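Read off the chains here:
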Amino acid sequence: MEENNRLEQKIAGILNDARASYATHNRKLKELSLLRFKSSSLSLFFSAFSKTLTPLFDFQRRLASAERTVAFVSAFAAARDPAADSDEFLDLFLRFLLLAAPSANKTARFRACQIVSEIILLLPDDAEVSNDVWDEVIECMKLRVRDKIPGVRAFAIRALSRFVNDTANSDILDLFLEQLALEQNADVRKMIVLSLPPSTATSQVIIDCTLDVSESVRKAAYCVLANKFPLQSLSIKLRTVILQRGLADRSVAVSKECFKLLRDEWLTKCCNGDPLELLKFLDVETYESVGETVMQTLLKADLVKLLNGASIQQYISSGDAEDGNSMHCAPSIQLIEAEASLYWRTVCQHLQSEAHAKGSDAAATMGTEAEVYAAEASDKNDLLEKILPATVDDYIDLVRAHINAGSIHRFTCRQLLLLGAMFNYSDATNRKSASAFLQELLHKPPEHEIDNEGNVVVIGDGLSFGGDNDWAQAVARLARKVHAALGEFEEVVLAIIEELAQPCRERTADYVQWMHCLSLIGLLLRHAKSMRLLQGKAIEPDELLQSLLLAGAKHAHLDVQRIAVRCLGLFGLLERKPRAELLKQLRISYIKGPHPISVEACKALIDLGMWHGPQEVDRVLNPHTSSKITSEKKSFSPVNFSDLERDLDVDTLDLLFGGFENDDWADSLTGNEDECVHAVLGEGFAKILLLSDNYPSIPPSLHPVILSKLIYLYFRDVSDHLQRLKQCLSVFFEHYPCLCANHKASIVTNHIFGASCISKAFIPVMRSMWPGIFGNSGGSSFMVSQMRKRAVQASRFMLQMMQVPLYVKETQPESENGSTEMPQVIDRCAEVPFDCGEEGLALRIAIEVTSFHSKKTAAEKSYVSALCRILALLQFRLSEQGPIKLMRRLLSRTVECVSTEKDLVKELNRLAEHLMTADRQPDQEFLQDEVNLILGKLEIDFNLDLDGSVAMPQTPAAASTRTRVSRRRVRIEDDDFDEYSPAFTVPATQQTVRSRSQRASKTVAMSKMSATRSVRIDEIEEQEEEDDSDVTSEDSDEY
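Since this is a predicted model, take the numbers as computed values, not measurements.

Student: Is there a simple way to explain the pattern of salt bridges in this structure?
Tutor: Opposite charge on two side chains allows them to pair when their charged atoms are near. Under the counting rule described, the total for this entry stands at 45 salt bridges. One salt bridge connects Arg189 with Asp212, and the closest N-O pair in it is separated by 2.8 Å. Placement of the pair is Arg189 in helix H10 (residues 186-195) and Asp212 in the loop between helix H11 (200-208) and helix H12 (215-228), with a sequence separation of 23 residues. For Asp212, a relative accessible area of 10% corresponds to the buried category. Taking the shortest distance from any N to any O, the salt bridge between Asp249 and Arg218 comes out at 2.9 Å. With Asp249 in the loop between helix H13 (236-247) and helix H14 (252-271) and Arg218 in helix H12, the pair connects residues that are 31 residues apart, well separated along the chain. A relative accessible area of 3% means that Arg218 is categorised as buried.

Written as structure tokens, this is what we have:
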């Protein structure tokens, strides 16, 4: 006993010294090891050691001193005793920690898992530990991975990370992947990512974590990719995804981590610092934007070093040189690889932008500083001239050689065309040579082939010149640079169109000739500055429209119709006022055309409506249309697409909105999953709502109808594959509730209007989405459950938009004396009328709920329950006494509709108590005129019985058969608790780790038994719990 006390005192002294500084750890480890060696028995030493260490398991605060103690104890346990064949102390200590791991005390569980993880990571590979102990440790840590405390889960995962590669413990990896998908805490997700081994199964999972909401998790993912996954082990698609996400990440720390991966691992280690070699691993022909981003990042970091003599001129040799790379290219030209063409294009563009920036700095400064900037600009220009071909003729020969080499070098040709804009064409000789080369490019017919059935098929998208929008842009940029004079570009292109249009007007042109001519017209219309510059040229705009565009829209070949409809839309945008025949043809193509043509016609009609205004477009078709705004119009007129003559007379917005009723237009096009009429309509109407101030001709009463349709479209299951539409609408919903103008007078108006739209759209959206009511189809129980879940998500989404903070930060106004005042922050909550705020939404929901009969179907019950759950989350302002009084009377009837749901009744009772407190004059009589005034502002027709009581109905409760004694666990906190670390003294009790008491175990068992007899929770509540975010919520516990 005396020796035991002596050991405890010495061990306590060593631990107290070790907690002060890491510098003493090596010396104290030797002292503690010597003490263990001199002790009479290992069991005696371990008993004193474990008792002395017990206060650490009750210390909750994660201070530096406590962490130093944990590190010291772990290092001592992991240190191998050279005098023993097996470390018996480690076995005893691990078993001691395993007793604390399942403890009811969260601090004990946390410290146990923390020390276990530290020991496992510090142990050498040849550590002598019995297999039984390891099995117990692994099984215990597997259980702790699902602990309710995030800190315990994190250290349990850290402890298992060393065993995840063992084939005998393959279930650990499955456990990690399962927990990663369900984990809500960011620190635990980070620990899982750091613990995952490199493999094919984990690479995609780690890359998916680069989209995590937490910055630390994304950073950890890039760190793991850099340290565990060599460049060659990843597929090309995964490489590009990593760089595309990381270099463009919104967090600077994450983008720096990705850049570190790019620079240190991929560029330096795998490619020996050669950017060209790195580009070969990225397939720049398929992922051009990623390759361009990588080059721009490396150029900004000054990591691209040009070797002596390296330039584009090295690919142009003398005429007598022999080069047999291709039978189609000139002997003096060496064909450039795709990676090299992108490399030189980005390098030249970087040098040109640097030269322009330095030149601007020189012009903005004076003296020596200006001379320095001018010299730097001159050096950049000199280096650019050394890289580019020496003459324009050499450049043209280089491009022509790659064009003649075939379509396999088309990517390189486009990169070289973009370099053409860097030459100077002020010299007449250079301009003449370049103009002749452009004539060749523009006269070149589109590439085509013959399929197995003998049909001619044009290669490309069928819309752009050359079959590729990027190719068309490159050709247009070069043509604009060569023919830079005003109207010269239009004159040259129209002359070629006149030549190509001759067989089309004579109706002798084949399908390929029509496509060539119309694609060139589209190139002209897209880059022409005005319609005035097209007049007086080789072919007039009227002839262009009548003989080519309208005729092409009626062509028998669908591809010709499609490109002609696209050109009709571009033609209408250039006009000051669209023509009636153009609009009629677009409407016919929209209504009667096949799906691909309807998509193009829909795009054109939306663009013309937004550019010229819907009222102006309707006035062209029907000059007798009244110019007054029909503010009484509250819904879109139905459209009968089978009656072609009638639909040509309806308004443009009615015609477009009617397209939502055509279910066939919801399917995406073949070859383009993001294209369909519904997607185009969704984007178009979202833009109209965002820019509603520019379209006063659209009645404000139609805005809630449009918003309802957009919300329904966003949450509809068939829209899941329309990724472009989903992204567009998500951005729209993020900004629409927060719209504001620059002037204070219009701030309130804009936001009130947006809030009013959301409030008015709430009930129509819920009615249209809830299955089994108002004519909505149901289906199987699974389908009904999924449809209800989507409707609940939509209701929460609209509530979130309603509750967006109504604050705006004005620009700094300038006072009369010229000084700048501080920005004003305007609280618009008090200025928003009740019908546009949460009060109006609450009244609409209450009236909707009370409109149902007492006997309701299952679908109606679930619908009413979902509405009431949203109602309980709304808030009332004290200034709106009228809506408060009205809501108190409606709430009593609302509770009667959901009286069987006890938890929901409790929430509504809390709302009623709040309203009773907020009612400043509860005894004042509520007049019928006031009710009519409130309902009139809400535009709702409802009969309310004012004689009814405002008291909430009492829900009868079943009488209890026995008295229940309530127990309350009291947590005692000591304000004078040691803020540094627990003092290691000899414990007074013999118990080492507090375990779960019998009373606690009995309480848990009784609660589980009573849970089986509890009232069944409504299905909507279960769905709401499932909808909780799995990435944003954080555990409130300290660990």
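Student: What's the story with unusual backbone geometry in this structure? I'm lost.
Tutor: One can expect most non-glycine residues to show negative phi and most peptide bonds to be in trans. Phi is positive for Phe774, which is not a glycine, with a value near 50°. Within the fold, Phe774 resides in the loop between helix H35 (744-769) and helix H36 (781-802). Its relative accessible area of 47% is what places Phe774 among the partly exposed residues. Here the phi dihedral of Glu939 falls at roughly 60°; this positive angle occurs in a residue that is not glycine. The topology assignment puts Glu939 in the loop between helix H41 (928-938) and helix H42 (998-1012).

Student: I would appreciate a short explanation of the side chain of Ser435 in the present structure.
Tutor: Tracing the backbone through its elements, the reader meets Ser435 in helix H21 (residues 428-443). Overall, Ser435 belongs to the buried group, its relative accessible area being 18%.

Student: Explain the confidence of the model for the chain to me, please; I cannot follow it from the model alone.
Tutor: Should pLDDT be low for a region, the predicted coordinates there are not to be read in detail. Residues with a pLDDT of 70 or more make up 83% of the chain, whose mean pLDDT is 83. Taken element by element, the predicted model of the chain shows its lowest mean pLDDT in strand E4 (residues 825-827) (42) and its highest in helix H16 (residues 288-300) (96). Counting interchain partners and residues more than four positions distant, the pLDDT-below-50 stretch residues 740-752 has 28 contacts. Contacts for the low-pLDDT stretch residues 985-999, under 50 throughout, to residues beyond four places or in other chains number 20 contacts.

Calculation rules
Residues numbered from 1 in each chain as written. Predicted model: local features only at pLDDT ≥ 70, side-chain atom pairs only at ≥ 80, totals over all residues. Heavy atoms only, no water. Salt bridge = Lys/Arg side-chain N within 4 Å of Asp/Glu carboxyl O. Helix = DSSP H or I, 4+ residues; strand = E, 2+ residues; numbered from the N terminus. Buried < 20%, exposed > 50% of the residue type's maximum accessible area, 1.4 Å probe, protein only. pLDDT = per-residue confidence, 0-100. Contact = heavy atoms within 4.5 Å.

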